[in-house]
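Listed here are the chains, written in short residue letters.
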Amino acid sequence: MPSSPAASPEQNRQLRRIALSGLLGTAVEFYDFLVYGTVAALVFGELFFPGADPAVGTIAAFGTFAAGYVARPVGGILFGHFGDRLGRKSMLLLTMGLMGGASFLIGLLPTYDAIGVWAPVLLIALRVVQGIAIGGEWGGATLMVVEHAGERRRGLWSGFTQMGAPLGSLISAAVVALVSTLPRDEFTSWGWRVPFLLSVLLLGVGLFVRLKVVESPLFAEVKKERAEARLPVLDVLRRPRPVLLACCVGIGAFTAQSLLTSYLIAYATGIGYARPQVLTALTVSAAVALVVLPFASALSDRVGRRPVVLVGAVASAATAFPVLALIDSKSPGALILAVVIGHGISQSLMYGPLGALFSEMFGTHVRYTGASLGYQGATLIGAGFSPMIAGSLVAGSGDGTPVALLLCGGSLITALTVWFVRETSRTSLSGAAATAPDDARAAERQSA
């Protein structure tokens, strides 16, 4: 990686503050989505889709889960456009506010018994708002960290944003585990609302930190040179290869994340595990991921992004069926081991380097849009539909083999795609900042 001048104390303070901002933003994102996935698996079928067969109700509840993912690419385009045109910071404040606000309102929703069909309609509408906001959150948070880091260990610093995933998972699992100790009737009547309402606390802390960060220096240079893309999404789609590669590289991580967190709760409780046992496994896995993720991110600075992602993908594919066998053993200890292997370790190795990798695949003038579309496309395919597909196939086959097949398939897509991705860990981010969009694209073609 090219050498860079020593950073001033103020630049170092800003970088630490921005890394914390990215961590909190991703924590809010995963907290909101995983709380929804957990509660959907436990009670949303009966609260918002009553009268249906239990399996159908669960599938319908996960259908609203998928609606949030479908909206994510829309958010990536929308916030990516304004983030690449107007700036990163303002978009990040808006996305975090929308995310936390929508989650809080879900906690206030009346159920089907109170307002009939409007209950699921409003639930889906809020999920779409969440999805749109989250579509712009990760890309902006990650590239703010990467662009402030410049040439200084981008993998390590972007790893803080990635750590928001297990942190949000850890907090959501702990909160849901606490309220799920309530008697069933109390949990169904009001206890499920508590995790959604508590999201306002994370939101407040996150907004406080984000108000204190400064705009990305690379974007400020683009703005100074008036080199912003007029329509960033068109610039990205004119050369679709990077965004398609980014999307496929991320599929394995998000398939594993979705199947071994949100869907696991419905599957494991369905075969006889108690809810506290499943939530304990998820909590232990999240704690392990908090160690593995920064390790994987920092390692990618030394050996490259591609080798680390590849090792995680191969490990995930190789252990898919053993992980399912451990879960099907109905042993609480085996369940913890399975989730730690499949999610805490293998998924974290795939996920850790993605923040730096996706940011490095695009020029500054379209980086917000490009990174967001690649990431959100991967979440839509890998995580958005996996629980619904798994629920349908498991209900039809009567066993969990489809879960292992989906997990293995997503990981193999990632492993195969990595071979077509150019290593980016030594790429300078500053080259595109001082050029016009057309010149930046020409420079990128030459360097490729």
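Residues numbered from 1 in each chain as written. Predicted model: local features only at pLDDT ≥ 70, side-chain atom pairs only at ≥ 80, totals over all residues. Heavy atoms only, no water.

(A) Structural view of helix 21 (residues 401-418). With 18 residues, helix 21 ought to run about 26 Å at 1.5 Å a step, and its terminal C-alpha atoms sit 26 Å apart, in line with that. Taken together, the buried positions of helix 21 are occupied by Pro402, Val403, Ala404, Leu407, Cys408, Gly410, Ser411, Thr414, Ala415, Thr417 and Val418. (Helix = DSSP H or I, 4+ residues; strand = E, 2+ residues; numbered from the N terminus. Expected span 1.5 Å × (residues − 1). Buried < 20%, exposed > 50% of the residue type's maximum accessible area, 1.4 Å probe, protein only.)

(B) Summary view of the side chain of Ser297. Among the secondary structure elements, Ser297 is positioned in helix 14 (residues 275-303). Here Gly352 takes part through its backbone oxygen, which lies 3.0 Å from a polar atom of the side chain of Ser297. If sequence neighbours within four positions are ignored, Ser297 has contacts with Gly155, Leu156, Gly159, Arg305, Gly352 and Pro353. (Polar contact = N/O pair within 3.5 Å; in protein donor to acceptor, adjacent residues only side chain to side chain. Contact = heavy atoms within 4.5 Å.)

(C) Region of the structure containing the side chain of Glu147. Mapped onto the secondary structure, Glu147 falls in helix 6 (residues 118-149). What Glu147 contacts, discounting residues up to four positions off in sequence, is Arg88, Ser216, Pro217, Leu218, Phe219, Thr364, Arg367 and Leu429.

(D) Spotlight on helix 20 (residues 386-397). Look at helix 20: 16 Å from first C-alpha to last across 12 residues, which is about the 16 Å you get at 1.5 Å a residue. All buried positions along helix 20 are accounted for by Ser386, Pro387, Ala390, Gly391 and Val394. In a view along the axis of helix 20, the buried residues occupy a sector of 125 degrees, so they form one face of it. Downstream of helix 20 by a residue or two, Gly398 has a phi angle that is positive, lying close to 85 degrees. (Arc of directions from axis to C-beta.)

(E) Just the packing of aromatic side chains, in detail. Evaluated as defined, the whole model comprises 8 aromatic pairs. On the numbers, 6.0 Å between centres and 75 degrees between planes, the contact of Trp138 with Phe358 is edge-to-face. Placement of Trp138 in helix 6 and of Phe358 in helix 18 (residues 354-360) is noted, with a sequence separation of 220 residues between them. Through a chain of ring-to-ring contacts, the aromatic side chains of Trp138, Phe254, Tyr351, Phe358 and Tyr375 assemble into a single cluster. The cationic tip of Arg127 hangs over the ring face of Tyr36; the distance from NZ or CZ to the ring centre is 3.9 Å. The lysine or arginine in question, Arg275, covers the ring of Phe187, its NZ or CZ lying 5.2 Å from the ring centre. (Phe/Tyr/Trp six-rings, centres within 6.5 Å; stacked < 30°, edge-to-face > 60°. Lys NZ or Arg CZ within 6 Å of the ring centre and 35° of its normal.)

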